[in-house]
Amino acid sequence: LQTRMQSLQPDPKARYRSVYEALKKMVLTEGLWRPLRGINVTMLGAGPAHALYFACYEKMKKSLSDIFQPGGNSHLANGIAGSAATLLHDAVMNPAEVSLSLFRAVVKQRLQMFNSPYTSVLGCVRTVHRTEGFGAFYRSYTTQLSMNVPFQALHFITYELLQEHLNPHRQYNPRSHIVAGAVAGAVAAAATTPLDVCKTLLNTQENTALSSLNIRGQLSGMANAFSTVYQLGGVPGFFKGVQARVIYQMPSTAISWSVYEFFKYFLTKRALEK
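The structure contained in this document is the topic of the report that follows. (Residues numbered from 1 in each chain as written. Predicted model: local features only at pLDDT ≥ 70, side-chain atom pairs only at ≥ 80, totals over all residues. Heavy atoms only, no water.)

Comments concerning the side chain of Thr253
What counts, and what does not: Helix and strand assignments come from DSSP, with helices taken as H or I runs of at least 4 residues and strands as E runs of at least 2, each series counted from the N terminus. Two N or O atoms form a polar contact when they lie within 3.5 Å of each other; inside protein one atom must be a possible hydrogen donor and the other a possible acceptor, and for residues adjacent in sequence the pair counts only when both atoms belong to side chains.
Relative to the helices and strands, Thr253 resides in helix H13 (residues 242–273). A distance of 2.7 Å separates a polar side-chain atom of Thr253 from the backbone oxygen of Gln249.

Structure (structure tokens):
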């Protein structure tokens, strides 16, 4: 839904006024399973990525908090730790995962577009590689990195801030983890939607939109993407699909935090008992 609603010049049959209308139309006209297209690509590599990511965050948060606010919780430390963990994970610890993530995003969003000519993951990979070259999978690289840092900084600052109010003693409290995770995801998602719209344009190379501006060849680079989005949609264009993005991120981050906090509590409790 997010990919469809971020289309700058959608097909008349794929113009939606709301998330509900988009889901209803998609299911009725394209089948019950159409909204789940690309799920196999999404799942690939998610486990290792989250394991490294949270491990980096916890270590850096503790180290930075001891520097900025010994014995307390520093929001500055949380933001820096989240950003640093993202950069460390993406650029140093596992560069292959960054490549895999970008690769997944391009294939996933090509499959999700309205009237997508691709029928399978492998077919999509082969066609894109043959017609646009291997670099097509990495056009949104700079946009991805520039989006990850502010997203994660806002995400972690908001989560830790809400935990201070909802769960001041920092005990295992599933309700507070779910609520704080959902709100943190919503705030970060809404704030970084402009970058996500640019990333979607770079990944999908929306033919109708590029043709309307007489852009020949393939669009590349964040500056070109920003300029193209502005020419086609003005300022509102940068927030296309914001509802779908927020609705997607809220349960995603709520589940992520609640599962993570559960295992942290479970493993710590077992270690203490031993």
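Having seen it, we continue.
A closer look at the side chain of Gln249
So the rule is basically this: For this analysis, residues touch if any pair of their heavy atoms sits within 4.5 Å.
Within the fold, Gln249 resides in helix H13. When sequence neighbours within four positions are dropped, the list of residues in contact with Gln249 reads Phe151, Gly185 and Ala189.

Some words on the pattern of salt bridges
In plain terms, the rule: Throughout this description, the term salt bridge denotes a Lys or Arg side-chain nitrogen within 4 Å of a carboxyl oxygen of Asp or Glu. Think of it in three bands: residues with accessible area under 20% of the maximum for their type are buried, residues over 50% are exposed, and the middle band is partly exposed, with areas taken using a 1.4 Å probe on protein chains only.
Inspection of every chain in the model, using the stated rule, returns nine salt bridges. For the salt bridge of Glu21 with Lys25, the shortest nitrogen-to-oxygen distance reads 3.8 Å. Separated by four residues within a single helix, Glu21 and Lys25 lie in helix H2 (residues 19–30), roughly one turn from each other. Judged by its relative accessible area of 31%, Lys25 falls in the partly exposed class.

Observations regarding the packing of aromatic side chains
Here is the rule we go by: Centre distance within 6.5 Å is the pairing criterion for rings of Phe, Tyr and Trp, where only the six-membered ring of Trp is used; planes under 30 degrees apart are then read as stacked, over 60 as edge-to-face, and the remainder as tilted.
As enumerated under the stated definition, the model contains 11 aromatic pairs in all. Measuring from centroid to centroid gives 5.4 Å for Phe156 and Trp257, while their planes differ by 85°, and the two rings are edge-to-face. On the criterion of sequence distance, the pair formed by Phe156 in helix H8 (residues 141–166) and Trp257 in helix H13 is long-range, its members being 101 residues apart. Among the residues examined, Phe156 registers a relative accessible area of 0% and is labelled buried. For Trp257, a relative accessible area of 1% gives the class buried. An angle of 70° between the planes, with centres 6.0 Å apart, marks the rings of Trp257 and Tyr260 as edge-to-face. Residue Trp257 and its partner Tyr260 are located together in helix H13, separated by three residues, close to a single helical turn. By the ring-pair criterion, three or more aromatic residues cluster together here, those being Phe54, Tyr57, Phe156, Tyr159, Trp257 and Tyr260.

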